[in-house]
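The primary structure of each chain is shown beneath.
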Amino acid sequence: MLDRLISTTSTTQATYAMVLAGGRGSRLGQLTDNRAKPAVPFGGKFRIIDFVLSNCVNSGIRRIGVATQYKAQSLIQHLKGGWGFLDGRFGEFVDVLPAQQRLEDHWYRGTSDAVYQNLDLLRRSGPELVLVLAGDHIYKMDYGQLIAAHLRNSADMTVACLETSICEAQAFGVMGIDEDRRIIRFKEKPASPDPIPGRPDTALVSMGIYIFSAPFLYEQLARDAADAESSHDFGKDLIPYAVPRFRVSPIRSPKAASARRTGATSARSMPTGRLTWSSPGRRLISTSTIGAGRSGLSRNSWRRRSSRGWRMAPA
Amino acid sequence: MTDSLVSSGCLVTEGTVWRSVLFSNVSIAEHSVVEDSVLFPDVEIGRHVRLRRVIVDKRCRIPDGLRAGFDLKLDRRRFQVSETGVTLIMSTMLGQ
């Protein structure tokens, strides 16, 4: 209860949600010939992206950017017609962020590049936290709890995770954890997923939902953008880079025990199970590779900051 | 109409709908039977049409008397059939 109280006061208002809706997607076959996957109709009168946007608004996050690229017209039309109710005059919006070759001569090269190329907009909004979401997932979740867990840990980054069976885990980003339930490895679609210690048939997989403290994200994006080897993807590059360099301590939320993710992204059934939250906590040993000396904002400094910026009319 | 999710604007005239999802503004004309199917917005189904385990994409007009989802061999030639035997009909496949 306390978690939710913390989050509803001002934290979610200081969060910018970046919804990644530019991917091509292949598993829906010809349904995505003319539209991006997030724009595929779903459930009578909705489209797939409505689920993520609803989750945001219902969690109190009302500053939302939707990064689009592939066959975006249908999606943009839907956002305009269905999600135009937030009022920019109060600093609330669903912004369409099309790839526009803003920095160099290329479109969005990957998920993290899509955020990097919009860094100027992010900085201008000045959020404390950035929530990174996929536009093609169907699930219900209160991001406020995730944000509260992130703040409680003074974390730089938090990854939402699910427990799933080992064989299903091969299709996802798998967290390798040690006996103390700290994440020590992160592998995208591994042939042999790391099991949870003591439970050889279960693995911990990433849901592709990340929350970052904004300065940390900016740092990481700049580093990743400068890396010529990187494919500029959160799951493939940015997270695997960050995980071994931080002390990672997963947190379980009993309240979220029934959270489920279902299968818009895969023809196969998605894993269901207990939701676990994993947070890279404070750096155990300071590393020089990532801007030295700054771990996550402490709760107090965060509160101070949020009382300055991001003011909104009380709910 | 049984066990179905029907959105606003749908018009079903003497048709039968079982275990299906009808998006906005779908119309189904006389004597057509739709089962285990998903009809995207603005789909028009003609008369005497039979659909089983079919997804029909937005704005398709299904001509009178069409049967889909019964003879998968035939459906593979003219439409797209998934591994699990669900037929997908797009407007381009109907020449529209």
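Summary of the structure given here. (Residues numbered from 1 in each chain as written. Chains lettered and ligands numbered in written order. Predicted model: local features only at pLDDT ≥ 70, side-chain atom pairs only at ≥ 80, totals over all residues. Heavy atoms only, no water.)

Residue and element names in this part refer to chain A. If you look at the biggest cluster of nonpolar residues, it comprises 36 residues, and the most contacted ones within it are I64, V66, L131, L133, Y143 and I209. Of all elements in the fold, only strand 1 (15-20), helix 2 (49-58), strand 4 (63-68), helix 3 (73-82), strand 6 (129-134), helix 6 (143-152), strand 8 (157-165) and strand 12 (199-213) reach the threshold of two or more residues within this core. Formed by 35 residues, the second largest nonpolar core is a distinct cluster that contains M157, M175, L204 and F234. (Core = buried A, V, L, I, M, F, W, Y, C linked by side-chain atoms within 4.5 Å. Buried < 20%, exposed > 50% of the residue type's maximum accessible area, 1.4 Å probe, protein only. Helix = DSSP H or I, 4+ residues; strand = E, 2+ residues; numbered from the N terminus.)

A separate point is the pairing of strand 6 of chain A. Residue and element names in this part refer to chain A. Most of strand 6 sits out of view: six of its six residues are buried. Across the two faces of strand 6 the burial is the same, with L129, L131 and L133 and V130, V132 and A134 all buried. Two strands pair when backbone bridges link them, and strand 1 and strand 6 are joined in this way by six bridges, in the parallel orientation. If you follow M18 over to strand 6, its bridge partner there is V132. Across four bridges, strand 6 lies against strand 12 in antiparallel orientation. In the sheet register, V130 faces strand 12, and the bridge partner there is F212. (Pairing = 2+ DSSP bridges.)

With that out of the way, let us pick up the interface of chain B and chain A. Counting residues at the interface gives 15 residues for chain B and 14 residues for chain A. Taken together, the two surfaces of chain B and chain A that pack against each other cover about 1,000 Å², and 59% of this comes from carbon and sulfur. Summed over the three residues of chain B that lose the most area to chain A, namely F23(B), F40(B) and M90(B), the buried surface amounts to 39% of that side. Inspection of the chain B/chain A interface yields one salt bridge. (Contact = heavy atoms within 4.5 Å. Buried area = accessible area lost by both parts, 1.4 Å probe. Salt bridge = Lys/Arg side-chain N within 4 Å of Asp/Glu carboxyl O.)

To continue, consider the sheet that holds strand 14 (residues 87-89) of chain B. Residues and elements named next belong to chain B. Taken in spatial order, the six strands make up an open sheet running 1-4-7-10-14-13, and their pairing is mixed. Among the strands making up the open sheet, the edge pair consists of strand 1 (5-6) and strand 13 (80-81). Examined bridge by bridge, strand 7 (residues 38-39) and strand 10 (residues 54-56) share two bridges and lie parallel to one another. In the sheet register, V38 faces strand 10, and the bridge partner there is I55.

Turning next to the sheet that holds strand 11 (residues 61-62) of chain B. Within a beta sheet, neighbouring strands are joined by backbone hydrogen bonds and run either parallel or antiparallel to one another. Residues and elements named next belong to chain B. The four strands lie next to each other as 2-5-8-11, forming an open sheet whose pairing is parallel. Among the strands making up the open sheet, the edge pair consists of strand 2 (11-12) and strand 11. Inspection of the sheet shows strand 8 (residues 44-45) paired to strand 11 by two bridges, in the parallel sense. By the bridge assignment for strand 11, I45 is matched with I62.

Further remarks concern the packing of helix 2 of chain A against helix 3 of chain A. All names here are of chain A. Running from N to C, helix 2 and helix 3 cross one another at 40°; their axes reach a closest spacing of 12 Å. Judged by the angle between their axes, helix 2 and helix 3 are oblique. Crossing of helix 2 over helix 3 shows right-handed handedness. Of helix 3, the residues touching helix 2 (which contributes I49, D50 and L53) are L75, H78 and L79. When grouped by side-chain class, the residues that make up the contact of helix 2 with helix 3 number four nonpolar, one polar and one charged. (Axes fitted to C-alpha atoms, helices over the stretch in contact; angles between N-to-C directions. Parallel < 35°, antiparallel > 145°, perpendicular 65-115°, else oblique. Left-handed = near helix turned anticlockwise from the far one by under 90°. Nonpolar A, V, L, I, M, F, W, Y, C, P; charged D, E, K, R; others polar.)

Bringing unusual backbone geometry into the picture now. All names here are of chain B. In this structure, D42 is a non-glycine residue whose phi angle is positive, near 65°. With respect to the secondary-structure elements, D42 resides in the loop between strand 7 and strand 8. D42 gets classed as partly exposed once you look at its relative accessible area, which sits at 27%. In this model, R59 sits at a positive phi of 65°, which is unusual for a non-glycine residue. For R59, a relative accessible area of 52% gives the class exposed.

Moving on, we come to the side chain of T164(A). Tracing the sequence through the fold places T164(A) in strand 8. The exposure class assigned to T164(A) is buried, which follows from its relative accessible area of 3%.

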